[in-house]
Amino acid sequence: MIVTVTPNPSLDRTVQIDRLTAGSVHRARRVHLDPGGKGVNVARALAAAGVPTLALLPSGGPEGARIAELLAPEAVPVVEVPVSAPTRSNLAVVESDGTTSKFNEPGPELTAAEVAALESAVADRAGRAGWLVTSGSLPEGCPEDLHARIVRAARAAGAGVAVDTSGRPLELACRAAPDLVKPNLAELAGLAGGPLRDLGDVLDVAHRVRADGVGAVLVSLGRLGAVLVDGTGSWYATGVATEVRSTVGAGDAMLAGFLRASDPGEAALRSAVAYGTAAVRLAGSRMPGPDDVHPQRVRVDAVDRTVSLSGVAA
Ligand SMILES: Nc1ncnc2c1ncn2[C@@H]1O[C@H](COP(=O)(O)OP(=O)(O)OP(=O)(O)O)[C@@H](O)[C@H]1O
Ligand SMILES: O=P(O)(O)OC[C@@]1(O)O[C@H](CO)[C@@H](O)[C@@H]1O
């Protein structure tokens, strides 16, 4: 079973318009509502593939209840930790060429007792998890080492642990020696303390992160694909995305693809990029199912240090 922890879930509203122009009124062509937050998305993709999973999240107000309602038809088991402030709603504006602008709320303020209840729910379930994924931003009131604490608790319970977050919480989580981290380019640059120019820089930082105790580093690079560095080697994979409908959640789909792969290393990277590529073809933060995913179309090579990262958001 793969348990996902999302300290700051969200009700994701995706609005499709022709073109975003600052300061104008826009008429939406379509609106789509998804249960969201990074760990929630990972659990959705896993459930769609028939992988036993459980999404653990704080839940408050009508937004929290709606997330659980939307997860039910996707057959995602949920453990809700009740909190008094309402769960946030996040907005994605997608233009007709696939350009996506995201507006994320900070999230509710959790009390110390609510944070303790979340940690206790993690401790209760970690012993039954093969993997535990802890991901996303932290709402107000959470200590910045919350992901790090969850990593330690899950490791102590014998679970493999994957982390997908950013900034200081990511730095602290790396020090807790998780089995896997999944930074995007901006997050890896944050860990490096400066901009990264090419795959050579990505490789060097990923090796440094591993040397500090992280098992494997899966770096997602948007349209450029992804790099994996683990204890057995390093690879670069690219997919073919025909049509980009929404990039929201592509990183989460990718992490699910990595975790559901039957083999580690190169095979897991292939599955990860197949999932990421499939996700961008789907509207909103919809997660791909196994029929959407084509690992045989993913190209995996040795890492060419000279490939430039210009044009990838960092
Ligand atoms: N524009 C794109 N074209 C093709 N593939 C893409 C594109 N954007 C993302 N992908 C695929 O999805 C994977 C994850 O994307 P990305 O690096 O944007 O993750 P992320 O920043 O963590 O996303 P999120 O936080 O929205 O989940 C990439 O490695 C790639 O395989
Ligand atoms: O604000 P955070 O926690 O960093 O990210 C939240 C979020 O953008 O991540 C998911 C996509 O990865 C969305 O479902 C959700 O809205």
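Values in this document were obtained by computation on a predicted structure and should not be read as measured data.

**A few points about the sheet that holds strand S9 (residues 160-164)**
Part 1 of the argument: The strand order S5-S4-S1-S8-S9-S10-S11-S12-S13-S14 describes an open sheet built from 10 strands, whose pairing is mixed. Whereas interior strands pair on both sides, the edge strands pair on one side only; in this sheet they are strand S5 (78-82) and strand S14 (299-301).
Part 2 of the argument: Across three bridges, strand S13 (residues 233-238) lies against S14 in antiparallel orientation. Within S14, the position partnered with Tyr-236 by the bridge is Asp-301.

**Description of the site of ligand 1**
Part 1 of the argument: As a structural note, the neighbourhood of ligand 1 is formed by 21 residues, with Asn-184, Ser-220, Gly-222, Gly-225 and Gly-251 the closest of them.
Part 2 of the argument: Within the side chain of Lys-38, one N or O atom sits 2.9 Å away from an oxygen atom of ligand 1.
Part 3 of the argument: Comparing atom positions with the cavity grids shows ligand 1 to sit within the largest pocket.
Part 4 of the argument: Within the residue set of the shell around ligand 1, elements represented by two or more residues are helix H8 (250-260) and helix H9 (266-280).
Part 5 of the argument: The element best represented in the shell around ligand 1 is H8, accounting for four residues.
Part 6 of the argument: The residue makeup of the shell around ligand 1, split by class, is nine nonpolar, eight polar and four charged.

Parameters at a glance
- Residues numbered from 1 in each chain as written.
- Chains lettered and ligands numbered in written order.
- Predicted model: local features only at pLDDT ≥ 70, side-chain atom pairs only at ≥ 80, totals over all residues.
- Heavy atoms only, no water.
- Pairing = 2+ DSSP bridges.
- Helix = DSSP H or I, 4+ residues; strand = E, 2+ residues; numbered from the N terminus.
- Near = heavy atom within 4 Å.
- Polar contact = N/O pair within 3.5 Å; in protein donor to acceptor, adjacent residues only side chain to side chain.
- 1 Å grid on protein atoms, 1.4 Å probe; cavity = no way out; pocket = protein on both sides within 12 Å on 5 of 7 lines; lining within 4 Å.
- Sits in = over half its atoms within 2 Å of the grid points.
- Nonpolar A, V, L, I, M, F, W, Y, C, P; charged D, E, K, R; others polar.

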